Amino acid sequence: MSGTARPQHPADLPDRLAEVFDLVGPLYRRAHRKVEQDAPIEGLPVGVRAVLVLLREHGPMTVPQMGRTQALSRQFVQRMINDAAARHLVESVPNPAHKRSSLIRLTEEGTAAITAVLARERAVLAQAGEGLTDADITACIRVLTHLLHFLDNLHFLDNVDVD
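These numbers were taken from a predicted model, which means no experiment stands behind them. (Residues numbered from 1 in each chain as written. Predicted model: local features only at pLDDT ≥ 70, side-chain atom pairs only at ≥ 80, totals over all residues. Heavy atoms only, no water.)

It is worth spelling out the environment of L144 at this point. Structurally, L144 can be placed in helix α6 (residues 134–152). The spatial distance from the C-alpha of L144 to the C-alpha of V24 is 9.2 Å, given a sequence separation of 120 residues. Excluding residues that lie within four positions of it along the chain, L144 makes contacts with V20 and V24. (Helix = DSSP H or I, 4+ residues; strand = E, 2+ residues; numbered from the N terminus. Contact = heavy atoms within 4.5 Å.)

What follows is about the packing of helix α2 (residues 46–58) against helix α3 (residues 63–70). At a closest axis distance of 11 Å, the pairing of α2 and α3 adopts a crossing angle of 100°. Classified by the angle their axes make, α2 and α3 are roughly perpendicular. Contacts between α2 and α3 pair V51, L54 and L55 from the former with M66, T69 and Q70 from the latter. Broken down by class, the residue content of the contact of α2 with α3 amounts to four nonpolar, two polar and no charged. (Axes fitted to C-alpha atoms, helices over the stretch in contact; angles between N-to-C directions. Parallel < 35°, antiparallel > 145°, perpendicular 65-115°, else oblique. Nonpolar A, V, L, I, M, F, W, Y, C, P; charged D, E, K, R; others polar.)

Counting all residues, the mean pLDDT for the protein chain is 85, and 85% of those residues have values of 70 or more. Within the protein chain, strand β2 (residues 103–106) carries the highest mean pLDDT (97), whereas helix α1 (residues 13–42) carries the lowest (80). (pLDDT = per-residue confidence, 0-100.)

Among the surface-exposed residues, F21, F150, L151 and L154 lie close enough to one another that they form a single nonpolar patch of about 350 Å² accessible area. With respect to the element layout, F150 can be found in helix α6. When its relative accessible area of 38% is taken as the criterion, F150 is described as partly exposed. (Patch = residues over 30% accessible without salt bridge, like charges linked within 9 Å, V, L, I, M, F, W, Y side chains within 5 Å. Areas by Shrake-Rupley, 256 points an atom, 1.4 Å probe, with all protein chains shown as cover. Salt bridge = Lys/Arg side-chain N within 4 Å of Asp/Glu carboxyl O. Buried < 20%, exposed > 50% of the residue type's maximum accessible area, 1.4 Å probe, protein only.)

Here you go:
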């Protein structure tokens, strides 16, 4: 993202955004593979890591809440929770707001495991960030957040002409 900003013609915008999407997919897949390759170090598959991060950031949540937050199926999240519970990384606790949907929370072991994973990842990301400025990262986050919100609301644009 560093470098000289060039003037943007509005007609070029769709092509430039396509470039973003063309990079996001391979980036996600490479990061996913790297996490899976390093899984033996911490013993956390990518899906389990994702729910542990979610619980670390948001505190106890229900499985449906986690699914909605991550745009994942409840069934997938439940499988990840079952895997994490088998590893003693999470536990179910009563949900005062809903008797049939327990809250899932991190155990001490789960907190220690995800803290170690994130510390290791941050050390790698420190190397990845060499040569980037805060403005670069801010712009990247702004663009990706904008695209994420746009896709969340895309159903409002079902009648857009494409010719």
